[in-house]
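Single-letter residue listing:
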Amino acid sequence: MQFQCKACSTKIEYDPAITLEAMPKGWRMHQIGTSRVLLCKSCGSQIDFNGEHSPYLKQMLTTGKNNT
Ligand SMILES: [Zn+2]
């Protein structure tokens, strides 16, 4: 099956049945506002490194926030 990063649109072909891991190595689900998005290794590690989301993800977070 194909996974796509929500931030940079990187696509990866990955079969969980082969490695018995739910996601490609380094890929993770991240909670952005009220939704969960899949981020690739590099986008996810940016968050780990900076401790915050990229501008794109912040924008997603802002636009997804309707309950002010
Ligand atoms: Zn990415």
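Scroll up to find the structure this text is about.
Residues numbered from 1 in each chain as written. Predicted model: local features only at pLDDT ≥ 70, side-chain atom pairs only at ≥ 80, totals over all residues.

S.K.: Help me out: how do you make sense of the overall build of the chain in this one?
M.R.: Scanning the chain for helices and strands turns up three helices and four strands. When its helices and strands are written in sequence order, the chain yields β-β-α-β-β-α-α. Looking at the chain residue by residue over its 68 residues, the buried ones come to 9%. Within the chain, counting contacts between residues at least 6 apart in sequence, those at least 24 apart form 43% of the total. (Helix = DSSP H or I, 4+ residues; strand = E, 2+ residues; numbered from the N terminus. Buried ≥ 20, exposed ≤ 12 C-beta atoms within 10 Å, placed from the backbone. Contact = placed C-beta atoms within 7 Å.)

S.K.: Help me out: how do you make sense of the environment of G44 in this one?
M.R.: If you trace the backbone, G44 turns up in helix α2 (residues 41–50). Separated by 37 residues in sequence, G44 and A7 place their C-alpha atoms 9.3 Å apart. Not counting the four nearest positions on each side in its chain, G44 is found in contact with G26, W27, R28, H30 and L39.

S.K.: Would you mind going over the environment of G26 with me for this structure?
M.R.: Structurally, the position occupied by G26 is in the loop between α1 (16–19) and β3 (28–32). What G26 contacts, discounting residues up to four positions off in sequence, is K41 and G44.

S.K.: Would you mind showing me how to read the pairing of strand β4 (residues 35–39) here?
M.R.: Side-chain positions along a regular strand alternate between the two faces of the sheet. Here β3 runs beside β4; their pairing, made up of five bridges, is antiparallel. What sits directly across from R28, in β4, is L39. The hairpin formed by β3 and β4 contains two residues between the paired strands, and G33 there has a positive phi angle of roughly 65°. (Pairing = 2+ DSSP bridges.)

S.K.: Explain unusual backbone geometry here, please?
M.R.: Glycine aside, residues mostly have negative phi angles, and peptide bonds mostly take the trans form. For S9, which is not glycine, the phi torsion reads 65° and is therefore positive. Positive phi values are uncommon outside glycine, yet L20 reaches one of about 65°. Relative to the assigned elements, L20 resides in the loop between α1 and β3.

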